[in-house]
Amino acid sequence: MEDKILYTITIFSENTVGLLNQVTIIFTRRGLNIETLSVSPSALEGIHKFTITTFANEETIEKVVKQIDKRVDIVKAYYNTNDDLVFQEIALYKVSTDKLLSLGSIEDIIRRYNTRILDITETWTVLEKTGHYDETQSLFKELSDTIGVLQFIRSGRVAITKSKVERLSDMLAAMEEKINRKK
C-alpha cells in the first residue's frame, strides 16, 4: 500500500451556507482526518477559497477531489503537495510575563524564532510566530519546557500555488475563450 503524505486541497466555491458540512462529509466517508482548514475570500470576486490539509495516498486524494468537484456550489477543486505551494501558519502563544522576563533576555527567543510580541501586560504576554508547522511547534515546545504556555492556538494552513495565477483563473479563461469561439 502506498504511503500517506500530506496533501493540500484547494477548493474554490461560492459562499454558500452548508457547503463546509458537505465537504467534510466527503472526508469522513473516506476515513480521512482534516488536519487544518482555512476559508477566506479569494483573489477572484465572489469566489471563496478553502484550504484543507489531510494525510492520504494519491489514489484516495484524487477520489476525494473528484467527489468535491461534483458538488453544485463548487467551482473547482485541486490538490497539491508541499512542493507545489508557498504556505504558512500563524501561531499565538500566551505566556506569563514574569516567567518570560525571568529567562533573562527575551530578545534571544524573539531573534531565534523571528517572533513578534503582540500584546504585553503585567501578567501575560502574547507572542506571534508565523512559519511552517515544525517551526511553530518548536517554539511551543521550548516555551512549554522553560516557562510554560498559558494559551496556544495555531491557524490552519494558508497557501498559494507557485504558478503565476490561480489555477482557477486559467480554467475560467479557457472556458470563456471556448464560449467566445462558439459565438
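The structure under discussion appears in the preceding block.
Residues numbered from 1 in each chain as written. Predicted model: local features only at pLDDT ≥ 70, side-chain atom pairs only at ≥ 80, totals over all residues. Heavy atoms only, no water.

A. Highlighting the side chain of Thr 115. Examined against the element boundaries, Thr 115 turns out to sit in the loop between helix H4 (107–113) and strand S6 (116–120). Exposure remark for Thr 115: the relative accessible area of 6% places this residue in the buried category. Dropping the residues within four chain positions of it, Thr 115 is found in contact with Ile 109, Ile 110, Leu 127, Glu 128, Lys 129 and Leu 139. (Helix = DSSP H or I, 4+ residues; strand = E, 2+ residues; numbered from the N terminus. Buried < 20%, exposed > 50% of the residue type's maximum accessible area, 1.4 Å probe, protein only. Contact = heavy atoms within 4.5 Å.)

B. How the structure looks around the environment of Val 75. With respect to the helices and strands, the residue Val 75 is situated in strand S4 (residues 74–80). The partly exposed category is assigned to Val 75, whose relative accessible area is 27%. Residues Val 75 and Ile 11, 64 residues apart in the sequence, show an inter-C-alpha distance of 7.7 Å.

C. A look at the sheet that holds strand S3 (residues 48–56). As summarised here, the arrangement of the 4 strands in space is S2-S3-S1-S4, forming an open sheet in which the pairing is antiparallel. A single partner strand is all that each edge strand has here, and the edge strands are strand S2 (34–41) and S4. Across this sheet, the average inter-strand angle for adjacent strands is 15°, counted without regard to direction. Taken together, the 6 bridges between strand S1 (residues 5–13) and S4 define a ladder with antiparallel strand orientation. Bridge pairing in S4 links Thr 8 to Asn 80. Set on the sheet, helix H1 (residues 19–29) makes contact with S1, S2, S3 and S4; between it and S3 the angle comes to about 15°. Sheet strands touched by helix H2 (residues 58–69): S1, S3 and S4. Its angle to S4, the strand with the most contacts, is close to 170°. (Pairing = 2+ DSSP bridges. Axes fitted to C-alpha atoms, helices over the stretch in contact; angles between N-to-C directions.)

D. Structural view of a nonpolar patch on the surface. A contiguous nonpolar surface patch, about 310 Å² in accessible area, is contributed by Ile 90, Leu 92, Leu 118 and Ile 153. Note on placement: Leu 92 falls in strand S5 (residues 85–96). (Patch = residues over 30% accessible without salt bridge, like charges linked within 9 Å, V, L, I, M, F, W, Y side chains within 5 Å. Areas by Shrake-Rupley, 256 points an atom, 1.4 Å probe, with all protein chains shown as cover. Salt bridge = Lys/Arg side-chain N within 4 Å of Asp/Glu carboxyl O.)

E. Up close: the nonpolar core. If you look at the biggest cluster of nonpolar residues, it comprises 17 residues, and the most contacted ones within it are Ile 9, Ile 11, Val 23, Phe 27, Val 64 and Ile 68. Elements that contribute at least two residues to this core include exactly S1, H1, S3, H2 and S4. Once residues within four sequence positions are removed from consideration, Phe 27 is found in contact with Ile 9, Leu 32, Ile 34, Ile 52, Thr 54, Val 64 and Ile 68. If you look at the next biggest cluster of nonpolar residues, it comprises 11 residues, including Tyr 93, Leu 100, Ile 106 and Leu 127. (Core = buried A, V, L, I, M, F, W, Y, C linked by side-chain atoms within 4.5 Å.)

F. Summary view of H1. Of all the positions in H1, only Leu 19, Val 23, Ile 26 and Phe 27 are classed as buried. For H1, the angular spread of buried residues about the axis comes to 100°, placing them on one side. Exposed residues pointing more than 90 degrees away from the buried face of H1 are listed as Thr 28 and Arg 29. (Arc of directions from axis to C-beta.)

G. Local environment of the packing of aromatic side chains. What the rule picks out here adds up to 4 aromatic pairs. Note on Phe 12 and Tyr 78: the rings are 6.4 Å apart at their centroids and 75° apart in plane angle, and the pair reads as edge-to-face. On the criterion of sequence distance, the pair formed by Phe 12 in strand S1 and Tyr 78 in strand S4 is long-range, its members being 66 residues apart. The exposure class of Tyr 78 is buried, given its relative accessible area of 10%. Plain terms: the ring middles of Phe 140 and Phe 152 are 4.5 Å apart, the flat faces sit at 40° to each other, and that makes the pair tilted. Here Phe 140 is found in helix H5 (residues 133–146), whereas its partner Phe 152 is found in strand S8 (residues 151–154), with 12 residues between them in sequence. (Phe/Tyr/Trp six-rings, centres within 6.5 Å; stacked < 30°, edge-to-face > 60°.)

In short, the description is geometric, and any link to function would need to be established separately.
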